[in-house]
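What follows is each chain in one-letter form.
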Amino acid sequence: MASIKKFQVTFDCADPERVARFWCEVLGYVVPPPPKGFDTWDDYTRSLPPERQGAGFACMDPTGEGPRLYFQRVPEGKVVKNRVHLDVRVGTGLVGEERLAALQAERVRLEALGAVCERVLLADEFNESCIGMQDIEGNEFCID
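Residues numbered from 1 in each chain as written. Predicted model: local features only at pLDDT ≥ 70, side-chain atom pairs only at ≥ 80, totals over all residues. Heavy atoms only, no water.

Student: Break down the sheet that holds strand β4 (residues 86–88) for me, with residues and values.
Tutor: With mixed pairing, the 4 strands of this open sheet are ordered in space as β4-β7-β6-β5. Each edge of the open sheet is held by one strand with a lone partner, namely β4 and β5 (116–121). In this sheet, adjacent strand axes meet at a mean angle of 25 degrees when their direction is disregarded. Here β5 pairs with strand β6 (residues 130–134) via 5 bridges, running antiparallel. By the bridge assignment for β6, Arg-119 is matched with Gly-132. On the sheet, helix α1 (residues 16–27) packs against β4 and β7 (140–143) and is oriented at approximately 40 degrees with respect to β4. (Pairing = 2+ DSSP bridges. Helix = DSSP H or I, 4+ residues; strand = E, 2+ residues; numbered from the N terminus. Axes fitted to C-alpha atoms, helices over the stretch in contact; angles between N-to-C directions. Contact = heavy atoms within 4.5 Å.)

If you want it as structure tokens, here you go:
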């Protein structure tokens, strides 16, 4: 039987640190410590050639359980819908109006951070409610 592998989720974006700090707030993640030999990330960034400064930033689950998120600067803007997206799981185990209330409360919190609501999908006979959102650079994610 194969062993379970750790993985990282990588986002293309224009402003890696800004997007990483947004996701830290969304998920309760933290910025990892700077590389050895540097007191701060700013010190590390200043040590890089100008074209590499601000080119990447990461955040991580402080418990070590969730995947590391990495944000890399790319020259092109977002053009089409993401083929992979994150589901922020706040309604697990909840159904009906209780679930929708939990999702809406998280929607309000995330909109205050700069997220945008795309659509609210209400429960039907097959699926529970969920909310489609966009992060601060337009990447899709769901509140589920």
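Student: So what's going on with the pattern of salt bridges? Residues and values would help.
Tutor: Within the structure shown, the criterion is met by 8 salt bridges. Put simply, Arg-107 and Glu-111 hold a salt bridge, and the shortest N to O gap is 3.2 Å. With Arg-107 and Glu-111 both in helix α3 (residues 96–112) and 4 residues apart, this pair spans about one turn of that helix. Judged by its relative accessible area of 22%, Arg-107 falls in the partly exposed class. In this structure, a network of salt bridges that share partners links the residues Arg-89, Arg-99 and Asp-144. (Salt bridge = Lys/Arg side-chain N within 4 Å of Asp/Glu carboxyl O. Buried < 20%, exposed > 50% of the residue type's maximum accessible area, 1.4 Å probe, protein only.)

Student: I'd like a rundown of the state of the cysteines, residues and numbers included.
Tutor: Going through the model one piece at a time under the given rule, you end up with 0 disulfides. Not part of a disulfide, Cys-24 finds its nearest cysteine sulfur in Cys-59, a span of 4.1 Å. Note on Cys-24: relative accessible area 11%, which makes it buried. Cys-130 forms no disulfide, and the closest cysteine sulfur to it belongs to Cys-142, at a distance of 5.1 Å. The class for Cys-130 is buried, based on a relative accessible area of 17%. (Disulfide = S-S within 2.5 Å.)

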